[in-house]
Amino acid sequence: PLYFDFPGFLGASQKLPFIIGLNLMRLIAQNRIAEFHLELELLSEPMKQSPYIMYPLVMEQNLMVGAYNKIIQTKSSIPDPAFEVFVNILVETVRDDLAECTEKAYHSIS
């Protein structure tokens, strides 16, 4: 990724965790989990402690274990308003997946 290509030329940016966090949310919202984990591998442990990085990590963990209610609940605790776009996409994706599973699991719902 570009933000790791020129560390000698470019100084450390204060917004780097924010930008990486948004990118991680984008990958989760697009269901690109493998790429999410590849990006995560590039991060140092101190970087992973940023609230901008922790939020996508928690969302991905909830998604992987099927805790869809927690994904919807954590919508109210986003670290920055810019994350809301990707959270809304993810919530809609979760709702669509639940509806699709319900449709296949039951012949009728009363």
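The paragraphs below set out a description of the structure included in this document. (Residues numbered from 1 in each chain as written. Predicted model: local features only at pLDDT ≥ 70, side-chain atom pairs only at ≥ 80, totals over all residues. Heavy atoms only, no water.)

Three- or four-residue spacings in an α-helix give side chains the same orientation, since the helix completes a turn every 3.6 residues. Along its 15 residues, helix H5 (residues 51–65) runs 21 Å from first to last C-alpha, staying within 8% of the 21 Å computed at 1.5 Å per residue. Turning to H5, its buried residues are Ile53, Tyr55, Pro56, Leu57, Met59, Glu60, Asn62 and Leu63. Residues of H5 that are buried sit in contact with helix H2 (16–29), helix H3 (33–41), helix H4 (45–48), helix H6 (68–73) and helix H7 (84–105). A positive backbone phi angle near 80° is found at Gly66, which sits one or two residues after H5. (Helix = DSSP H or I, 4+ residues; strand = E, 2+ residues; numbered from the N terminus. Expected span 1.5 Å × (residues − 1). Buried < 20%, exposed > 50% of the residue type's maximum accessible area, 1.4 Å probe, protein only. Contact = heavy atoms within 4.5 Å.)

Another point: the pattern of salt bridges. On inspection of all chains with the given rule, the structure shows three salt bridges. A salt bridge links Arg32 to Glu35; the shortest N-O distance between them is 2.5 Å. For Arg95, the salt bridge identified is with Glu92, shortest N-O distance 3.3 Å. Taken together, the residues Arg95 and Glu92, both in helix H7 and three residues apart, mark about one turn of the helix. (Salt bridge = Lys/Arg side-chain N within 4 Å of Asp/Glu carboxyl O.)

Here H3 crosses H5 at 140°, and the two axes come no closer than 12 Å. It follows that H3 is oblique to H5 by the angle criterion. Crossing hand, H3 versus H5: left-handed. From H3, Ile33, Phe36, His37 and Leu40 reach across to H5, where they touch Pro56, Leu57, Glu60, Leu63 and Met64. Classifying every residue of the contact of H3 with H5 by side-chain character gives seven nonpolar, one polar and one charged. (Axes fitted to C-alpha atoms, helices over the stretch in contact; angles between N-to-C directions. Parallel < 35°, antiparallel > 145°, perpendicular 65-115°, else oblique. Left-handed = near helix turned anticlockwise from the far one by under 90°. Nonpolar A, V, L, I, M, F, W, Y, C, P; charged D, E, K, R; others polar.)

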